[in-house]
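Overview (structure and organization)
Here's the letter readout for the chains.
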Amino acid sequence: MTPQIPYVEGVLSADDVAATAASIARMQEPCGAIPWTVGEHVDIWNHVEAAMALLVGGEVAAAEKALRWVPTLQRADGSWPMKIVAGEVEDARGEVNMSAYLAVGLWHHWLLRRDRRFVEELWPSVRAGLDFVVSLQQEWGGIQWTPQDDFCLLTGCSSIYQSLRAGVALADLMDEPQPEWELAGGRLGHAIRQHPDRFADKSKYSMDWYYPVLGGAVRGTDARDLLATRWDDFVVPELGCRCVDTNPWVTGAETCELVMALDAIGDHERALRLLQDMQHLRAGDGSYWTGWVYELEGYENENPNVYWPVEHTTYTAAAVLLAVDALGERFGGCTPGSGIMRGETLAADFRELALECGCAEVSTPR
């Protein structure tokens, strides 16, 4: 089964999407690993995201090779090393966000391919990874970054919330209920919504601003209010979204993740406009520059109006393709996995039960 390649009318055609997927495939290593760019390191989260984009863009064999590579680096405790360079581990710490995200990639593959044997093959790796992740949950609900680093990151935990919902969906498909994941997900969602101040302060990064929405823990009016708080700090008209609030630097991946966050709460027109705005980062072969440094009054910069870093990154291209698929449902064409960032096909939001943070228990997440 080969799903339709998505497109967004007037922004990127199906041929454009296929070209971008091909640009990711060209950077894939022979073993199946997908580095940030040629010669750079691999991390499991961005690798899985790139595999999802390959599938969206019709590169099925490359996508499945990438997903099958993931379990080969998994350790006995269910974790993965943080950085791998040319097959060698550069940073051995087991990072929870990376260890969770295979669940999203495998559920996405199921939505597009409906290949139960493939799910059965990778399900043990997903299960072990999520067991590792929930083992590091703190009493107040946050999940610490690594076994060695006891702080919790809001961006990473927001992504884990989505991964747990994908994991429970896979568990239901496999008829292997995982109630401990549901309990952990309820506590985690509560922490993201009610205790954002207990996460490590990374507020200069735009990801910490929009990821609670993108990951699905914050939705509805609360999500719209949250995105309104720092819109002017991060969004640059006609250019995209800044990576950090301190530098005049817009980045394609952050812009497209914000596109998907907006789409998830029904703010489709602003999402479409942002996707259009960031196309100045597109290269002739369909790949994408990481970001653009622009002129900002009062900011001293010796070399503005340049692409920086001087690289085309797989994670940027991947975010573009997933954003196109999300918006394609309304503005063009899409795959059966287009709603994965909206949470439409995931397990239901988790109930807040057995809280240990001192708050009264409630039965619904929002």
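Anything mentioned here points back to the structure above.
In this text, all values refer to a predicted model and were calculated from it rather than measured experimentally.

**Considerations on the overall build of the chain**
When you go through the chain residue by residue, the secondary structure sums to 14 helices and nine strands. Since a compact globule built from 366 residues should have a radius of gyration of about 21 Å, the 19 Å found for the chain is in line with a globular shape. Viewed in the frame of its principal axes, the chain has a C-alpha envelope of about 50 × 45 × 40 Å. Within the span of the chain, comprising 366 residues, buried residues form 62% of the whole. As displayed, the chain offers around 14,200 Å² of accessible surface, 49% of which is attributable to carbon and sulfur atoms.

**As for the environment of V218**
Its location among the elements puts V218 in the loop between α9 (206–214) and α10 (220–229). With 25 residues separating them along the chain, V218 and R193 place their C-alpha atoms 6.5 Å apart.

**Some points on the side chain of T313**
Mapped onto the elements of the fold, T313 is located in the loop between β8 (306–307) and α14 (314–331). Accessibility expressed as a relative area gives 2% for T313, which makes it buried. A distance of 2.7 Å separates polar atoms of two side chains, one belonging to T313 and the other to T316. When near neighbours in sequence (up to four residues on either side) are disregarded, T313 contacts W36, T37, Y288 and T290.

**Quick notes on the nonpolar core**
Within the largest apolar cluster, 128 residues are counted, with the highest numbers of intra-cluster contacts made by W107, W209, L258 and L275. Setting aside its immediate chain neighbours within four residues, W209 contacts L226, L227, T229, R230, W231, F234, V235, C241 and L258.

**What to know about the packing of helix α2 (residues 44–56) against helix α3 (residues 60–69)**
One can describe the packing of α2 onto α3 by two numbers: an axis separation of 8 Å at closest approach and a directional angle of 155°. Viewed along their axes, α2 and α3 adopt a mutual orientation that is roughly antiparallel. Relative to α3, α2 is oriented so that their crossing is left-handed. Each of I44, H47, A51, L54 and L55 in α2 lies in contact with α3, whose residues at this interface are V60, A62, A63, A66, L67 and W69. Across the contact of α2 with α3, the residue classes tally to ten nonpolar, one polar and no charged.

**Remarks on the sheet that holds β8**
What the three strands build is an open sheet, ordered β6-β7-β8; its pairing is antiparallel. Of all the strands in the sheet, the pair left with one neighbour each is β6 (249–251) and β8. Examined bridge by bridge, strand β7 (residues 291–293) and β8 share two bridges and lie antiparallel to one another. Counted as the bridge partner of V293 is V306 from β8.

**Details of the pattern of salt bridges**
Under the counting rule described, the total for this entry stands at 17 salt bridges. D349 is paired through a salt bridge with R165; the nearest N and O atoms lie 3.5 Å apart. Taken together, the positions of D349 in the segment after β9 (332–333) and R165 in helix α7 (residues 154–174) put the pair 184 residues apart, joining distant regions of the chain. R165 sits in the buried class, given a relative accessible area of 6%. A salt bridge links R342 to E329, with the nearest nitrogen and oxygen atoms 2.8 Å apart.

**Brief notes about unusual backbone geometry**
The residue after W308, namely P309, is reached through a cis peptide bond having omega -10°. By the element assignment, P309 lies in the loop between β8 and α14. Positive phi, normally seen in glycine, also occurs at R114, with a value near 50°. Positionally, R114 belongs in the loop between α5 (102–113) and α6 (116–134). Classification of R114 by relative accessible area gives partly exposed; the value is 47%.

The rules we used
Residues numbered from 1 in each chain as written. Predicted model: local features only at pLDDT ≥ 70, side-chain atom pairs only at ≥ 80, totals over all residues. Heavy atoms only, no water. Helix = DSSP H or I, 4+ residues; strand = E, 2+ residues; numbered from the N terminus. Rg over C-alpha atoms; globule rule 2.2 N^0.38 Å. Buried < 20%, exposed > 50% of the residue type's maximum accessible area, 1.4 Å probe, protein only. Areas by Shrake-Rupley, 256 points an atom, 1.4 Å probe, with all protein chains shown as cover. Polar contact = N/O pair within 3.5 Å; in protein donor to acceptor, adjacent residues only side chain to side chain. Contact = heavy atoms within 4.5 Å. Core = buried A, V, L, I, M, F, W, Y, C linked by side-chain atoms within 4.5 Å. Axes fitted to C-alpha atoms, helices over the stretch in contact; angles between N-to-C directions. Parallel < 35°, antiparallel > 145°, perpendicular 65-115°, else oblique. Left-handed = near helix turned anticlockwise from the far one by under 90°. Nonpolar A, V, L, I, M, F, W, Y, C, P; charged D, E, K, R; others polar. Pairing = 2+ DSSP bridges. Salt bridge = Lys/Arg side-chain N within 4 Å of Asp/Glu carboxyl O.

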